[in-house]
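# Structural description and commentary
Take a look at the letters that make up each chain.
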Amino acid sequence: MFSTFKCQIFLTLICIALCYEPTKEDLKCFNDYETEMKCSLSSKRLQSCSGHKLNITHPVSNTFEKYTCIFERNHHSDNCECNVTVEGFVATEIFNTTLLEGSNVLLYKTFMTSDFIKPKSPVLSVQKIENGNFNVTWDDQYEKNGIFFEALRINLTYGIKGGHKNISKTVPNTVRSYEIVAKNLLPNTNYILTATMSTDYNDHSIPSDQSATVEFTTCKSI
């Protein structure tokens, strides 16, 4: 009997190490409020993405749109990721998801569109202008005449290249540009600029991925 008890303990320990029981916190989804919905499954104990998929349904008019998202390993992290193309989003739409491993249901999770919007990354440009300042412009990669466009804001961060102190500025997307005053910068110095976007739709709780870095250099004398 003692041997059987030890065997049970051993099997329990093996299961703790290898059996994967994801929680709702392990499953995260984002949408770009245009066409893409991307989901990730994160767990230190997830041994393989193979066999894991997400069934997604959401009501459209009087029918249900259905999607299947097949997870694959992200080459830059331990997460399993998948994405599907959706024919447009509505802020109040509900997405019902079912996580499966093979045919076994692991969990259910519901998302409202507005709650999981992660905007696209902005594309930055910096030009030196006549007064010596630097004019920052950006492409938010969205339609310029929609309500969503007006709900975006850009979060700019710039600082000395290789330095540890940065300046952050947040401005409405609708202003379309931001001027960095040269006299507030060091002369003959290389600076780097990055940005993220966020939206009023979810109180700016989910910033976009960081933009590509843009560099600019100040004059020898300012």
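The name an unreviewed UniProt entry assigns to the protein chain is Interleukin-4 receptor alpha N-terminal domain-containing protein, from the organism Cyprinus carpio. The protein chain has a UniProt comment under Subcellular location (unreviewed entry) that states "Membrane".

## Considering the sheet that holds strand β14 (residues 190-199)
Read from one edge of the open sheet, 4 strands run β12-β11-β14-β15, paired in antiparallel fashion. In this open sheet, the two strands that pair with only one neighbour each are β12 (166-172) and β15 (214-217). In this sheet, adjacent strand axes meet at a mean angle of 25° when their direction is disregarded. The pairing of strand β11 (residues 152-160) with β12 spans 7 bridges and is antiparallel. Bridge pairing links T157 to S168 in β12.

## Considerations on the state of the cysteines
What the rule picks out here adds up to 3 disulfides. Shown here is the disulfide that connects C49 with C80, its sulfur atoms set 2.0 Å apart. Handedness here is read from the sign of the S-S torsion; for C49 and C80, about -90°, the answer is left-handed. On the criterion of sequence distance, the pair formed by C49 in the loop between β2 (36-41) and β3 (52-60) and C80 in strand β6 (residues 80-85) is long-range, its members being 31 residues apart. Taking relative accessible area as the criterion, C49 reaches 6% and is therefore assigned buried. For C80, a relative accessible area of 0% corresponds to the buried category.

## Some points on the pairing of β2
Bridge count between strand β1 (residues 27-31) and β2: 5 bridges; the pairing is antiparallel. Looking at the pairing, C29 lines up with C39 of β2. Where β2 and β6 come together, 6 bridges link them in antiparallel fashion. Looking at β6, one finds that M37 is bridged to V84.

## Thoughts on the sheet that holds strand β8 (residues 104-112)
Pairing within the open sheet is antiparallel, and its 4 strands lie in the order β4-β3-β7-β8. Strand pairing shows two members of the sheet lacking a second neighbour, β4 (63-70) and β8, which therefore form its edges. Each neighbouring strand pair of the sheet contributes to a mean axis angle of 20°, computed without reference to strand direction. Where β3 and strand β7 (residues 94-101) come together, 6 bridges link them in antiparallel fashion. Pairing of I56 across the sheet is with T97, part of β7.

## As for the pattern of salt bridges
Counted by the stated rule, this structure contains 6 salt bridges. A salt bridge links K144 to D139; the nearest nitrogen and oxygen atoms lie 3.5 Å apart. Take D139: its relative accessible area is 35%, and that puts it in the partly exposed class. Two residues, D140 and R176, come together in a salt bridge whose shortest N-O distance is 3.3 Å. Here R176 lies in the loop between β12 and β13 (177-180) and D140 lies in the loop between β10 (134-139) and α2 (147-151), a separation of 36 residues in the sequence.

Cut-off values and rules
Residues numbered from 1 in each chain as written. Predicted model: local features only at pLDDT ≥ 70, side-chain atom pairs only at ≥ 80, totals over all residues. Heavy atoms only, no water. UniProt positions renumbered as here; feature names shortened; annotations may be inferred. Pairing = 2+ DSSP bridges. Helix = DSSP H or I, 4+ residues; strand = E, 2+ residues; numbered from the N terminus. Axes fitted to C-alpha atoms, helices over the stretch in contact; angles between N-to-C directions. Disulfide = S-S within 2.5 Å. Buried < 20%, exposed > 50% of the residue type's maximum accessible area, 1.4 Å probe, protein only. Salt bridge = Lys/Arg side-chain N within 4 Å of Asp/Glu carboxyl O.

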